[in-house]
Amino acid sequence: MSAADQRWLAALSSASATERDAAARELGRRLRAALGRSFSRTLGDADLDDLSQDALVRVLERVHEFRGDSRFTTWATAIAVRMALGELRRRRYADRRSEQLVHAAEQQLDLAAKAPGHIQRAEAAGVVHEMITTALTTTQREALLAELSGLPLMEIARRSGRSRGALYKVLHDARKRLRAALEAKGLSAADLLEGSA
Amino acid sequence: MTTPKATNVLAQLLAGTRIEELDCDTFSQFLPAWIEGRSPADLREALQQHLEMCPECEEERILLLEAVGNVSDDGPDAAPDS
């Protein structure tokens, strides 16, 4: 852990409220500047002000988790970026209902399985469509179709009340099962692509 | 007839699937160290593979790089660069 990192941690946990508050204000200012560099094209000043303050609160709650693997300010900025990105994605997809998107993705897979003239692709699509419909768990099926519909994982996780990590594991398990099902039939993921025979 | 997009997305996901993969939460823990070139050597391949499989984490990486920029850090009591 660098000397600068140690000074941050000491100041933010100082017994002196004056020192503690000054360090928090400085950190908040830097988080605001950092978010401005990344999100000024997509978020307005008022939003960035609010998000940087929310991020500061989150960082101060989690300061004990900092391990010194990176600079403290990089670690804190990563928390702020993730929060801002989550808000941006929530807004982008706020008016897109999960059920409609999932249904659209399922229809696309069904169509691919019935596409005339592309025997191997139709067979591969049929295998995965059947697996998704009958062999995956409900959780796996809903998560995978939501992902295929274009919903960001962060948004799927938020709507389902899961962490991104838990959601990623659900999807990873589903992908492994689908891939194994294709390989058991002598097929591959490439057979699903446009242009395959 | 065009190939449904969902099928292409699924094909790419399945093609890149490995038996063991890092999840997003684990990746996020190492992202700050990753962008500073200080991530553990034995995890770098897994971290890179996760980026290839997860466009959202890749977007987060790019945004974090922009956010951090070239600002130096000498602690809370030093004169700020910006």
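That block above? That's the structure.
Residues numbered from 1 in each chain as written. Chains lettered and ligands numbered in written order. Predicted model: local features only at pLDDT ≥ 70, side-chain atom pairs only at ≥ 80, totals over all residues. Heavy atoms only, no water.

Draft legend 1. Local environment of the side chain of B:Thr17. Mapped onto the secondary structure, B:Thr17 falls in the loop between helix H1 (5-15) and helix H2 (24-35). With a relative accessible area of 9%, B:Thr17 lands in the buried category. A polar contact is formed between the side chain of B:Thr17 and the side chain of A:Arg175, at a distance of 2.9 Å. If sequence neighbours within four positions are ignored, B:Thr17 has contacts with A:His172, A:Arg175, A:Lys176, A:Arg179 and B:Met53. (Helix = DSSP H or I, 4+ residues; strand = E, 2+ residues; numbered from the N terminus. Buried < 20%, exposed > 50% of the residue type's maximum accessible area, 1.4 Å probe, protein only. Polar contact = N/O pair within 3.5 Å; in protein donor to acceptor, adjacent residues only side chain to side chain. Contact = heavy atoms within 4.5 Å.)

Draft legend 2. Quick peek at empty space enclosed by the protein. Taken as a whole and assessed by the stated rule, the structure comprises one cavity of 30 Å³ or more. The volume enclosed by the largest cavity comes to roughly 160 Å³. Along its surface, the largest cavity is lined by 16 residues, and A:Arg30, A:Arg37, A:Thr73, A:Thr77 and B:Val71 are the ones closest to its centre. Only helix H2 (17-39) and helix H4 (72-92) of chain A together with helix H4 (55-68) of chain B provide two or more residues apiece to the lining of the largest cavity. Ranked by the residues each element gives to the lining of the largest cavity, the list is headed by H2(A), at six residues. (1 Å grid on protein atoms, 1.4 Å probe; cavity = no way out; pocket = protein on both sides within 12 Å on 5 of 7 lines; lining within 4 Å. Points joined across faces, edges and corners; volume = space filled by probe spheres on them.)

Draft legend 3. Seen up close, the interface of chain B and chain A. Counting residues at the interface gives 54 residues for chain B, matched by 59 residues for chain A. Where chain B abuts chain A, roughly 4,900 Å² becomes buried across the two surfaces, and 56% of that area is made up of carbon and sulfur atoms. Summed over the three residues of chain B that lose the most area to chain A, namely B:Leu14, B:Glu56 and B:Pro76, the buried surface amounts to 14% of that side. Put simply, chain B and chain A have nine salt bridges between them. The partner of A:Arg89 in a salt bridge is B:Glu56, with the nearest N and O atoms 3.4 Å apart. Across the contact surface, chain B and chain A share 24 residue pairs in polar contact (both at pLDDT 80 or more). At the level of elements, H1, H2, helix H3 (44-53) and H4 of chain B are the ones that each hand at least two residues to the side of chain B that touches chain A. Top contributing element to the side of chain B that touches chain A by residue count: H1(B), with 10 residues. A breakdown of the residues in the side of chain B that touches chain A according to their chemical character gives 27 nonpolar, 12 polar and 15 charged. (Buried area = accessible area lost by both parts, 1.4 Å probe. Salt bridge = Lys/Arg side-chain N within 4 Å of Asp/Glu carboxyl O. Nonpolar A, V, L, I, M, F, W, Y, C, P; charged D, E, K, R; others polar.)

Draft legend 4. The packing of H2(A) against H4(B), seen in detail. Contact pair H2(A) / H4(B): the axes reach a minimum separation of 7 Å and the direction vectors enclose 125 degrees. Here H2(A) lies oblique to H4(B), going by the angle between them. Handedness of the crossing formed by H2(A) with H4(B): right-handed. Here A:Ala34, A:Arg37, A:Ser38 and A:Phe39 of H2(A) lie close against H4(B), whose contacting residues are B:Leu63, B:Glu66, B:Ala67 and B:Val68. When the residues that make up the contact of H2(A) with H4(B) are grouped by side-chain class, the tally is five nonpolar, one polar and two charged. (Axes fitted to C-alpha atoms, helices over the stretch in contact; angles between N-to-C directions. Parallel < 35°, antiparallel > 145°, perpendicular 65-115°, else oblique. Left-handed = near helix turned anticlockwise from the far one by under 90°.)

Draft legend 5. Representation of the pattern of salt bridges within the structure. Tallied over the entire structure, the rule returns 25 salt bridges over all chains. Across the pair B:Glu36 and A:Arg71 runs a salt bridge whose closest N-O atoms are separated by 3.6 Å. One end of the pair, B:Glu36, is in the loop between H2 and H3; the other, A:Arg71, is in the loop between helix H3 (45-62) and H4, on a second chain. Three or more residues are tied together by salt bridges with common partners; here these are A:Asp47, A:Glu87, A:Arg90 and A:Arg91.

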